[in-house]
Each structure stands twice: as C-alpha cells, then as structure tokens.
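# Commentary on secondary and tertiary structure
Chain by chain, the residues run as shown.
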Amino acid sequence: MQLTGKNIILTGASSGIGLEMLSLLVAKGVKIVAVARHVENIPQKEDTVYPFSADVSCKEGVDKVFEYAKQTLGGVDIFIANAGYAYLEKLDTPDWQHIEGIYNLNVFSPIYSLEKLVAENRENKVAFACIASGAGLVSLPAYSLYCSTKAALHHFMQTYRYEQSDNIQITTVYPVATRTEFFDKATGEKSTPLPFPVQEASTVARKIIKGIEKGKKQIFPSMMFRLFYPIGRAFPFCLKVYSLMEKKKVRKWL
C-alpha cells in the first residue's frame, strides 16, 4: 500500500519500535495519530503528528482513539497495533487481574481495533498491521503469559485471513528481541537478559514499514529467526534445546 497521503493510527508510539516507526512514517508524507498513555516523548509536527493520550487496553480507550482520528484526520487508512508489554516472572500466585491486564492490551485491543477499522471502512481500501512477535511461535521460559498472548494473536490473524474482506490488507509482524526498554520493564530491573537473537529497534521498524508498503501478509524482521523457525518445526528437539538455553538466562526469576 502506498503510504503517502494516508491517515494512520499508531499505538505504542512513545518508545521502542513504535517511536522508530513514527520517525520513519513522518518522512513518508502521512498524517499520524500517535497513541500512548504518556505522550511526552512523542515529537509533535504540525499537520503530521498528532499525539494522543489513551489507554488502549480497554474498549473505551480504543473508541476514543478512533473518534479522535475521525475528528482530526477525517478517517483512518492504516492502523498499526504496536502497543503491548510483557512480564518476566514465575507464575506461582493466582491473580486474575494480572492475567486479564496483559490479555486486554496484547490480544483484545488489537482484535477490537481491527473490528473497528473494518466496520468503519466497508468499501475503502485500508490496512491493518499488528505485532504478534516471534515469542508467539516459540517457548520462552518465564514469559508464559506474554508468549501465550502473542500465540493467541498469531492464530487469530492466521484464521481471520480466511474471513477478511477484499478491501483490507492484513499484516502480522514477528520481531525477535529488540534493544529497547521493553525487557527491563518486564522485570522492573536494569540489564535484563535478552532472548536470542537480538535486533535494533530501528531495523525492525524499517522492515515493518517496508512490509506494509509491499502488502506483505507476514513480516519476519530477523532473517535468522525466519530460517530457524521452520527448521524447529521440522525438528522439534531444536526448539526444545533453544527454550532450555533461554531458561538458563532467566533462572534468577524462576
């Protein structure tokens, strides 16, 4: 999809991959509603970037984002569901709200956002992209809840492709670990060990934007992961060895 002149909603725009994507999109001649709970880090650019504070982990927050985009831009051509978070932890205490919180943002929010985009564009050509993560395809010890949310999103998107209308372009993204504050936020500590392989957020953002432009159904920013995953599917012991190696890194939390 040609990006020039498009109206875009980008969630999780204040840091990490989202902030890098925002920077790249500005150069494409688009208008962006840049969404985050805290918008202080989002650079403003007149008639291009419109920072908007919202909690998209709830229905009301997503509705407000779409209403703001409609009032400000007149409509939405592309929605990039980038917001999400992880826990690095040992699950040993029953906590319904703990589980509900991460599923609200990582799963329910992008699915509901897709439904909103489709409902408001029955005939217009639109695009939807979401971050499913390589963590939805492999097992990362101590990230059980995070991996399960991304696996749920992956399977939803895979199945929805058989149901989608012809006017919508669907893209699912599978980044690996990126050098951002994402993993430190998962533990609340500094220098949290990163799963292998690791990429720069700028590289991931660039490949996401290019993939959306090319109309790709799936984007694997890491060529190493893209090659390794099918091998792991064919020889499951490879994935088991990988998970055991990652478990050693997070033994402190387990």
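In case you missed it, the structure is sitting above this.
About the thresholds
Residues numbered from 1 in each chain as written. Predicted model: local features only at pLDDT ≥ 70, side-chain atom pairs only at ≥ 80, totals over all residues. Heavy atoms only, no water. Helix = DSSP H or I, 4+ residues; strand = E, 2+ residues; numbered from the N terminus. Rg over C-alpha atoms; globule rule 2.2 N^0.38 Å. Buried < 20%, exposed > 50% of the residue type's maximum accessible area, 1.4 Å probe, protein only. Contact = heavy atoms within 4.5 Å. Lys, Arg positive; Asp, Glu negative; His and termini not counted. Charge placed at Lys NZ, Arg CZ, Asp CG, Glu CD. Axes fitted to C-alpha atoms, helices over the stretch in contact; angles between N-to-C directions. Nonpolar A, V, L, I, M, F, W, Y, C, P; charged D, E, K, R; others polar. Patch = residues over 30% accessible without salt bridge, like charges linked within 9 Å, V, L, I, M, F, W, Y side chains within 5 Å. Areas by Shrake-Rupley, 256 points an atom, 1.4 Å probe, with all protein chains shown as cover. Salt bridge = Lys/Arg side-chain N within 4 Å of Asp/Glu carboxyl O. Arc of directions from axis to C-beta.

### Brief notes about the overall build of the chain
The secondary structure content of the chain amounts to eight helices and nine strands. Here the chain has a C-alpha radius of gyration of 18 Å; the compact-globule value for 254 residues is 18 Å, and the two agree. Taken along its principal axes, the extent of the C-alpha atoms in the chain is 50 × 35 × 30 Å. Of all 254 residues assigned to the chain, the portion counted as buried reaches 49%. Considering only intrachain contacts with a sequence separation of at least 6, the fraction spanning at least 24 residues in the chain is 63%. Computing the positive centroid from 31 side-chain charges and the negative centroid from 24, the chain places the two 9 Å apart.

### Notes on the packing of helix 7 (residues 223-234) against helix 8 (residues 236-249)
One can describe the packing of helix 7 onto helix 8 by two numbers: an axis separation of 4 Å at closest approach and a directional angle of 115°. Here F228, G232, R233 and A234 of helix 7 come into contact with helix 8, specifically with P236, C238, L239 and Y242. For the contact of helix 7 with helix 8, the per-class residue count stands at six nonpolar, one polar and one charged.

### Let's talk about a positive patch on the surface
Together, R206, K210, K214, K216 and R226 give the surface a local cluster of positive charge. For the positive patch, the leading source of residues is helix 6 (residues 201-214), giving three residues. Considering the arrangement of structural elements, one finds K210 in helix 6.

### So, a nonpolar patch on the surface
A contiguous nonpolar surface patch, about 520 Å² in accessible area, is contributed by I231, F235, F237, V241 and M245. Along the polypeptide, V241 turns up in helix 8.

### Overview of helix 1 (residues 16-26)
All of the buried residues in helix 1 are I17, G18, M21, L22 and L25. Each buried residue of helix 1 lies within a common arc of 140° when the element is viewed along its axis, so the set occupies one face. Tucked into the core, helix 1 has its buried residues touching strand 1 (7-11), strand 2 (31-36), strand 3 (49-53), strand 4 (78-81), strand 7 (177-178) and helix 6.

### Thoughts on the environment of L25
Mapping L25 onto the fold places it in helix 1. As a C-alpha pair, L25 and I8 span 17 residues in sequence and 9.1 Å in three-dimensional space.

### Looking at the pattern of salt bridges
Per the stated rule, a full pass over the model turns up seven salt bridges. Across the salt bridge formed by D63 and K116, the nearest N and O atoms sit 3.3 Å from each other. One end of the pair, D63, is in helix 2 (residues 59-73); the other, K116, is in helix 3 (residues 96-119), and 53 residues separate them in sequence. Taking relative accessible area as the criterion, D63 reaches 18% and is therefore assigned buried. Taken together, the shared-partner salt bridges in this structure form one network comprising K59, D63, K116 and E120.

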